[in-house]
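# Examining the three-dimensional arrangement
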Amino acid sequence: VGEAGRLGRMVDDLLVAAKGDSAALEFRMEEVDIVRELHGALTPFIHEDRNPELVVAPGRVQADRFRLRHVVTNLVANAIDHGGPTIAINGLAEDDWYHFSVVDDGPGVPPDVVDRLFSRYVHEGDRPLLAGSVGLGLAVAETLLNQMGGDIRYERKDGLTIFHFRLPLAESHQLAVDEESVASSQ
């Protein structure tokens, strides 16, 4: 992503951070096709040295399309800027949720920062934890996900840095799964 893309993300993050405090964020909740939206969110990263791998099962979530792309863009940009050379976005529907993970093989976050990871402007000593950022991306992702009925968490496992997040499945996804279950049991 070029400088214009980085500047655009920074402006979007600042707007969400400012409006998130006053609960003035607007959401247009609708049924969103996961595969289509993730492909759209990853388009700006196609020319990067580290092209993220997308391994997601079809599904539909109840979300704001623009806000979902904002979350994915922040997490992938974070992985590209601070993670390892391999980046993947995984996803699958389970129970009433669609579970996502953005995974990279970078060094992860220092253990003493993990508890503050989703706070704004996280710093390590006198320098920003994530050099070259304004320190809002993860806090913004959490704000947006929470306001869409989802959540996010960080995990370090088997040498991988993983940001797990989830959103509620759309009603149409649940109906399709129920119809498949009935058809397979007959």
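See above for the structure.
Report on the accompanying structure. The structure displayed is predicted, hence computed values, not measured ones.

### A few points about the environment of His164
- Summarising the element assignment, His164 is placed in strand β9 (residues 160-168).
- The contact partners of His164, leaving out residues within four places of it in the chain, are Phe100, Ser101, Asp151, Ile152, Arg153 and Glu155.
- Polar contacts involving the side chain of His164 include one to the side chain of Glu155, which spans 2.6 Å.

### Some words on the sheet that holds strand β8 (residues 151-157)
- The mixed open sheet is built from five strands, whose spatial order is β2-β4-β5-β9-β8. Two strands close off the open sheet at either side, each with one partner strand: β2 (53-56) and β8. Each adjacent strand pair in this sheet contributes to an overall mean axis angle of 15 degrees, direction not counted.
- When β2 meets strand β4 (residues 87-94), the two strands line up parallel, connected through four bridges. Paired with Val55 across the strands is Asn90, a residue of β4.

### So, helix α2 (residues 34-42)
- Where α2 is concerned, the buried positions are Ile34, Glu37, Leu38, Gly40, Ala41 and Leu42.
- Of the surrounding elements, those touching the buried residues of α2 are β1 (29-33), β2, β3 (60-64), α3 (65-82), β4 and β5 (97-104).
- Measuring from the side-chain oxygen of the N-cap residue of α2 to the backbone nitrogen of Val35 gives 3.2 Å; that N-cap residue is Asp33.

### A word on the packing of α3 against helix α4 (residues 137-147)
- At their nearest, the axes of α3 and α4 sit 9 Å apart, and the two run at 150 degrees to each other. In this view, α3 runs roughly antiparallel relative to α4, as classed from their interaxial angle. As for how α3 packs across α4, the hand of that crossing is left-handed. In this structure, α3 contributes Arg67, His70, Val71, Asn74, Leu75 and Asn78 to the contact, and α4 contributes Gly137, Leu138, Val140, Ala141, Leu144 and Leu145.
- Across the contact of α3 with α4, the residue classes break down as seven nonpolar, four polar and one charged.

### Here's the deal with the environment of Asp33
- Position of Asp33 among the secondary structure elements: in strand β1.
- A sequence separation of 32 residues divides Asp33 from Arg65, and the C-alpha atoms of the two residues are 8.9 Å apart.
- Each residue touching Asp33, except ones within four places of it in the same chain, is listed here: Gly59 and Arg60.
- A distance of 3.2 Å separates a polar side-chain atom of Asp33 from the backbone nitrogen of Val35.

### Regarding the packing of aromatic side chains
- Summed over the entire model, instances satisfying the criterion amount to four aromatic pairs.
- When the ring of Phe100 is compared with that of Phe165, the centres are 4.4 Å apart and the planes differ by 5 degrees; the resulting orientation is stacked. A residue pair is termed long-range when its members are at least 10 positions apart, and Phe100 in strand β5 and Phe165 in strand β9 qualify at 65 residues.
- For Phe165, a relative accessible area of 2% puts it in the buried group.
- Three or more aromatic residues joined by ring pairs make a cluster, and in this case those are Tyr98, Phe100 and Phe165.
- One residue, Arg67, lies across the ring of Phe27, its end atom 5.3 Å from the ring centre.

### Some thoughts on the environment of Leu68
- Looking at the element boundaries, Leu68 is found in helix α3.
- Taking the C-alpha atoms as reference points, Leu68 and Glu37, 31 residues apart in sequence, are found 7.9 Å from one another.
- Residues contacting Leu68, with those up to four places away along its chain left out, are Val32, Glu37, Val61, Met148, Phe165 and Leu167.

### Description of α4
- All buried positions along α4 are accounted for by Leu138, Ala139, Val140, Ala141, Leu144 and Leu145.
- Phi turns positive one or two residues past the end of α4, at Gly149, with a value near 90 degrees.

What counts and what doesn't
Residues numbered from 1 in each chain as written. Predicted model: local features only at pLDDT ≥ 70, side-chain atom pairs only at ≥ 80, totals over all residues. Heavy atoms only, no water. Helix = DSSP H or I, 4+ residues; strand = E, 2+ residues; numbered from the N terminus. Contact = heavy atoms within 4.5 Å. Polar contact = N/O pair within 3.5 Å; in protein donor to acceptor, adjacent residues only side chain to side chain. Pairing = 2+ DSSP bridges. Axes fitted to C-alpha atoms, helices over the stretch in contact; angles between N-to-C directions. Buried < 20%, exposed > 50% of the residue type's maximum accessible area, 1.4 Å probe, protein only. Parallel < 35°, antiparallel > 145°, perpendicular 65-115°, else oblique. Left-handed = near helix turned anticlockwise from the far one by under 90°. Nonpolar A, V, L, I, M, F, W, Y, C, P; charged D, E, K, R; others polar. Phe/Tyr/Trp six-rings, centres within 6.5 Å; stacked < 30°, edge-to-face > 60°. Lys NZ or Arg CZ within 6 Å of the ring centre and 35° of its normal.

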